[in-house]
Amino acid sequence: MTILFKINNKNLYREENLVIAQTPVLFVCKDDDGQRYLTLLLDFDSDEYLVCPISDKDLLAMLVGEIPMRQPFVTAESIYQINAAQEPDNDSIQTFAGADLSDYMLPDDNIKFVIDDYLREYADKLEKNLNIL
């Protein structure tokens, strides 16, 4: 697997694409310890992303439309704004609290997921993990 980002000495790998336009716009990364991160492409041209840790419970709630797409970002203790370089070790990373995010960076308040068959399999996997824990 290809390392997409490095945050706090942890390698992040793309696990699942959630929203795809010409390129993945919203996706999930996972680190070597199993922590998941919700990742939002901010600017395609400058390869800029917002990344926040997310629990399986919150990710599942977002996927089934119980919470808006923006909620995991605004409630996160730490958000990472990453300007990706060719090599993850050279990424430029700024850290701040979710409460400090500018509204223009996030989906609107009322945007919720409508799950499709493809993502239903992923949601089922998350739900199974939650029932095991």
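Notes on the structure follow. Owing to the predicted nature of the structure, the values given are computational and were not obtained by experimental measurement.

The next subject is the side chain of E48. With respect to the element layout, E48 can be found in strand β5 (residues 48-54). Among buried Asp, Glu, Lys and Arg side chains, E48 stands out as unpaired, with R70 the closest opposite charge at 16 Å. Of the polar contacts made by the side chain of E48, one reaches the side chain of Q81; its length is 2.2 Å.

With six of eight residues buried, helix α1 (residues 56-63) lies mostly within the body of the structure. All of the buried residues along α1 are D56, L59, L60, A61, M62 and L63. In the stretch just after α1, G65 is the one whose phi turns positive, near 80°.

Take the packing of aromatic side chains next. Evaluated as defined, the whole model comprises two aromatic pairs. Where F5 meets Y49, the ring centres are 5.1 Å apart and the plane angle is 65°; that geometry is what we call edge-to-face. With F5 in strand β1 (residues 5-7) and Y49 in strand β5, this residue pair connects regions lying 44 residues apart in the sequence. Here the two residues F5 and Y49 agree in accessibility, since each one is buried. Geometrically, the ring pair formed by F27 and Y49 is edge-to-face, given 6.1 Å between the ring centres and 80° between the ring planes. Of the two residues, F27 is situated in strand β3 (residues 24-31) and Y49 in strand β5; the sequence distance between them amounts to 22 residues. The two residues F27 and Y49 agree in class, both being buried. The structure contains a cluster of three or more aromatic residues connected by ring pairs, namely F5, F27 and Y49.

What counts, and at which threshold
- Residues numbered from 1 in each chain as written.
- Predicted model: local features only at pLDDT ≥ 70, side-chain atom pairs only at ≥ 80, totals over all residues.
- Heavy atoms only, no water.
- Helix = DSSP H or I, 4+ residues; strand = E, 2+ residues; numbered from the N terminus.
- Buried < 20%, exposed > 50% of the residue type's maximum accessible area, 1.4 Å probe, protein only.
- Lys, Arg positive; Asp, Glu negative; His and termini not counted.
- Salt bridge = Lys/Arg side-chain N within 4 Å of Asp/Glu carboxyl O.
- Polar contact = N/O pair within 3.5 Å; in protein donor to acceptor, adjacent residues only side chain to side chain.
- Phe/Tyr/Trp six-rings, centres within 6.5 Å; stacked < 30°, edge-to-face > 60°.

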